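Listed here are the chains, written in short residue letters.
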Amino acid sequence: MNIHELEPGFAISEALAPGDLDEVAQRGFKSVICNRRPGEADDHPDDADLSARAKALGIEWRCIPVTPGNYSEADIAAFGKALDDLPTPILAFCRSGKRAVHLWAHSKSQAASCDIPALLTAAREAGHDLEERRALLEQTATHQR
């Protein structure tokens, strides 16, 4: 399992299986956000087994399923609310980590004090290039000021 910290208290990962949650708990994560859609792949028919295992381990679970590259304002707001409400550290995941990093960047860009270059650097260091989203992130950040 590859876990990449994007900022203190928040990290992303590729797809998790129920057994992976034991390691997630051992690494100290208090919350998990799932961005996979039910039935999107054979290894993810839905999140019932994952959420049950998380609950058994005392990990808060939040599911915000999104289609890759298609994030509504409601999706971004739900992700931002999860970041605000869930106990940290938080681990977000999808198939590759890309949706999780996109939602994180978009929700963070809505803060008036957002540092877009720092967001892009953190994403790149985690293996995800958000350069194609730079203009949209900057537009959101400028609009919030």
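Just above sits the structure.
Described in the following lines is the structure provided in the data block. Here the structure is a predicted model, which means the values were calculated and not measured.

Turning our attention to the pattern of salt bridges. Taken as a whole and judged by the stated rule, the model has 7 salt bridges. In this structure, Lys81 and Asp85 form a salt bridge, with 2.5 Å as the shortest nitrogen-oxygen distance. Separated by 4 residues within a single helix, Lys81 and Asp85 lie in helix H3 (residues 73-85), roughly one turn from each other. Each of Arg36, Glu40 and Arg99 takes part in one network of salt bridges that share partners.

Of the two faces of strand E2 (residues 10-13), the one lined by Phe10 and Ile12 and the one lined by Ala11 and Ser13 are each fully buried. Bridge count between strand E1 (residues 3-7) and E2: 4 bridges; the pairing is antiparallel. In the sheet register, Ile3 faces E2, and the bridge partner there is Ser13. Taking the residues that link successive antiparallel strands as the turn, the E1-E2 hairpin has 2 residues, and the phi of Gly9 there is positive, at about 90°. Pairing of E2 with strand E5 (residues 90-93) involves 4 bridges; the strand directions are parallel. For Ile12, the partnering residue across the bridge sits in E5 and is Ala92.

Take the sheet that holds E2 next. With mixed pairing, 5 strands are arranged side by side in an open sheet as E1-E2-E5-E3-E4. In this open sheet, the two edge strands, each paired with only one partner strand, are E1 and strand E4 (60-63). Pairs of neighbouring strands in the sheet enclose a mean axial angle of 25°, with direction left out of account.

Procedures and definitions
Residues numbered from 1 in each chain as written. Predicted model: local features only at pLDDT ≥ 70, side-chain atom pairs only at ≥ 80, totals over all residues. Heavy atoms only, no water. Salt bridge = Lys/Arg side-chain N within 4 Å of Asp/Glu carboxyl O. Helix = DSSP H or I, 4+ residues; strand = E, 2+ residues; numbered from the N terminus. Buried < 20%, exposed > 50% of the residue type's maximum accessible area, 1.4 Å probe, protein only. Pairing = 2+ DSSP bridges. Axes fitted to C-alpha atoms, helices over the stretch in contact; angles between N-to-C directions.

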